[in-house]
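What the coordinates show
Listed below, chain by chain, are the residues.
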Amino acid sequence: MDTLDRLAEPGLDLLGRVDTLLAAGAPEGHRVWPLLRRMQVLPGEAVRNFLDLHPAPLAGAGHAARRLVRGYDAASAALADPVLWSGPAASAYGQSRAALLRHLDEGPESLVGRLESTAGYADALADWVEGSRLALARALADVLRSAEAVAVVAATSVPGGGPGHRRPGGAEAAEIAARVLVVLCVAYDGAETLLRQWGPSLAESRWWEPVADRPRYDAPTRIGW
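A brief structural summary.

Scoring rules and cut-offs
- Residues numbered from 1 in each chain as written.
- Predicted model: local features only at pLDDT ≥ 70, side-chain atom pairs only at ≥ 80, totals over all residues.
- Heavy atoms only, no water.
- Helix = DSSP H or I, 4+ residues; strand = E, 2+ residues; numbered from the N terminus.
- Buried < 20%, exposed > 50% of the residue type's maximum accessible area, 1.4 Å probe, protein only.
- Contact = heavy atoms within 4.5 Å.
- Areas by Shrake-Rupley, 256 points an atom, 1.4 Å probe, with all protein chains shown as cover.
- Phe/Tyr/Trp six-rings, centres within 6.5 Å; stacked < 30°, edge-to-face > 60°.
- Salt bridge = Lys/Arg side-chain N within 4 Å of Asp/Glu carboxyl O.
- Expected span 1.5 Å × (residues − 1).
- Axes fitted to C-alpha atoms, helices over the stretch in contact; angles between N-to-C directions.
- Parallel < 35°, antiparallel > 145°, perpendicular 65-115°, else oblique.
- Left-handed = near helix turned anticlockwise from the far one by under 90°.
- Nonpolar A, V, L, I, M, F, W, Y, C, P; charged D, E, K, R; others polar.

Right, let's talk about the overall build of the protein for a bit. The helix and strand tally for the protein stands at 8 helices and 0 strands. Helices and strands appear in the protein in the N-to-C order α-α-α-α-α-α-α-α. Relative to its full complement of 225 residues, the protein shows a buried share of 36%. Nonlocal contacts in the protein, meaning residues at least 24 apart in sequence, comprise 83% of its contacts between residues at least 6 apart. Within the structure as shown, the protein displays about 13,500 Å² of accessible surface, and the carbon and sulfur contribution to it stands at 58%.

Have a look at this one:
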């Protein structure tokens, strides 16, 4: 359990109240409007969804990908053993074997290269989740002890007015929402940046079988006549 988990209960209670006040509207021209339009979600729901993100599963996926590399190393070692036969078939096999070795473990586009990139991407995502959770926890801690939080709790602790009536506390709710949503916007910008950075190295590793001069065995051969 990290700091964000410990702040989740009081934070979600406050943000639930913020969502209730925002449902009646926010002050015109407030900075929360572009954030709401971009995120397409109220802050309470946004934080609730983010709470499900944890770094440990991503870090575990990186470790698992690296463990797979050992299997490819064993396959490469077996392919690297010399063969004690010669002739056209041996030559064709040698070309295929060399191509397969390159496909397995030669450069960033090989299978091992893609595994290492996948592991690196998982590690980067784990770091992103950890850093983003810490930033969000700090934002929640700040708004929980703010004067705006006191106003929001007071405004939502009394019955609301009739249709068209705007409760007090709307401006304070908008300010809390903005302070939380801006942190989440920065977090999701970071995730998109990681995907752009790592995307090319996560592409499929395609196998291209070499074209070799091989004897044909699909047609009869004339022997001595």
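Moving on from the coordinates now.
Here H30 lies in the loop between α1 (3–22) and α2 (32–39). Residue classification places H30 among the buried residues on the basis of a relative accessible area of 16%. The contacts of H30, once residues within four sequence positions are left out, are A171, A174, E175 and A178.

Time to look at unusual backbone geometry. Positive phi outside glycine occurs at Q40, with the angle close to 60°. Secondary-structure assignment places Q40 in the loop between α2 and α3 (43–50).

For the structure on display, the rule yields 4 aromatic pairs. Seen in terms of ring centroids, W128 and Y188 are 6.5 Å apart; in terms of plane orientation they differ by 50°. Their pairing is tilted. Taken together, the residues W128 in helix α6 (residues 111–144) and Y188 in helix α8 (residues 170–198) connect sequence positions 60 residues apart. Put simply, the rings of F50, W128 and Y188 touch in pairs and so form one group of aromatic residues.

This paragraph deals with the pattern of salt bridges. In total, this model carries 8 salt bridges according to the counting rule given. The closest approach of N and O atoms between E175 and R31, which form a salt bridge, is 2.7 Å. Here the residue E175 occupies a position in helix α8, and R31 occupies one in the loop between α1 and α2, the gap between them amounting to 144 residues. By relative accessible area, E175 is classed as partly exposed at 22%. Residue classification places R31 among the partly exposed positions, given a relative accessible area of 40%. The closest approach of N and O atoms between D142 and R145, which form a salt bridge, is 3.0 Å. Overall, the relative accessible area of 34% leaves D142 in the partly exposed class. Residue R145 is classed as exposed on the basis of its relative accessible area, which comes to 63%.

For helix α4 (residues 55–80), with 26 residues, the first-to-last C-alpha span of 38 Å sits near the 38 Å given by 1.5 Å per residue. Taken together, the buried residues of α4 touch α5 (88–105) and α6.

Put simply, α4 and α5 touch, their axes get as near as 10 Å, and they point 160° apart. Compared by their axis directions, α4 and α5 come out roughly antiparallel. The element α4 and its partner α5 pack so that their crossing is left-handed. Here Y72, D73, A75, S76, L79 and A80 of α4 lie close against α5, whose contacting residues are Y93, R97, L100, L101, L104 and D105. Considering only residue class, the contact of α4 with α5 consists of 8 nonpolar, 1 polar and 3 charged.

That's the geometry; what it means functionally is another story.
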